Amino acid sequence: MDPETGDRPSQTELWRMTHQRSNGTWADEKSKNAHEEMMNLLSQPQPSQSGEGLVDLTLKEAFVRVIGERSGHARGLGCGPRGATTSKNHSQEQIEQMLKERNEFAQRITHLEETFDARVQAAVEMVKSRVNATVKAAIQAALAKFKDSSD
């Protein structure tokens, strides 16, 4: 917390505070590079998620793009705060589950259609066979009757 304002530092500011020594040197090269990348992202408009135009990133968005985030834990900040993308991750998981179920239903429907088509085809063939046998028997009976009447 900032003792003067009572505000919590941003994630990028907390990263700097915890990875930069009091003399201004960085704890390691990776921390320095991450901070520089965050500052670069903040200094230049970035493509929007919709792909239409450019937008300025928030401090948190720049931090998440560079450092990353996982459910329930914001990297570099410990287990206290929940990540900003938790609900997005959950929604993404729900979408992926729904797509999986949709694909399973589509496969099941395809299987049922194929089974139905095969059964209909078998029934049609059986009816054709019966009709042919009945017609053949009727023709033979008519021919026999015709033969008997002509003799």
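We now turn to the structure provided with this report. (Residues numbered from 1 in each chain as written. Predicted model: local features only at pLDDT ≥ 70, side-chain atom pairs only at ≥ 80, totals over all residues. Heavy atoms only, no water.)

**Section: the pattern of salt bridges**
A full pass over the atoms with the stated rule returns 2 salt bridges. One salt bridge connects R16 with E13, and the closest N-O pair in it is separated by 2.4 Å. Of this pair, R16 and E13 both sit in helix 1 (residues 11–19), 3 residues apart, which is roughly one turn of that helix. On the basis of relative accessible area, E13 is assigned to the partly exposed category, the value being 29%. A salt bridge links E125 to K128; the shortest N-O distance between them is 4.0 Å. Here K128 and E125 lie together in helix 4 (residues 86–150), a separation of 3 residues that amounts to about one turn. Since its relative accessible area comes to 45%, K128 is described here as partly exposed. (Salt bridge = Lys/Arg side-chain N within 4 Å of Asp/Glu carboxyl O. Helix = DSSP H or I, 4+ residues; strand = E, 2+ residues; numbered from the N terminus. Buried < 20%, exposed > 50% of the residue type's maximum accessible area, 1.4 Å probe, protein only.)

**Some thoughts on the nonpolar core**
Among the nonpolar cores identified, the biggest contains 10 residues, and these are W15, W26, A34, M38, L41, L57, A62, F63, V66 and I67. Of all the secondary structure elements, the ones that give two or more residues to this core are helix 2 (29–43) and helix 3 (59–67). Of all the elements, helix 3 adds the most residues to this core, at 4 residues. Once residues lying within four places of it in the same chain are set aside, the contact partners of V66 are A34, E37, M38 and L41. (Core = buried A, V, L, I, M, F, W, Y, C linked by side-chain atoms within 4.5 Å. Contact = heavy atoms within 4.5 Å.)

**Regarding helix 2**
Here helix 2 spans 21 Å end to end across 15 residues, near enough to the 21 Å set by a 1.5 Å rise per residue. Taken together, the buried positions of helix 2 are S31, A34, H35, M38 and L41. The arc enclosing the buried residues of helix 2, seen along the axis, measures out at 125°, which places them on a common side. Residues of helix 2 that are exposed and point over 90 degrees away from its buried face: E29 and S43. Summarising the contacts, the buried residues of helix 2 are in contact with helix 1, strand 1 (46–47) and helix 3. (Expected span 1.5 Å × (residues − 1). Arc of directions from axis to C-beta.)

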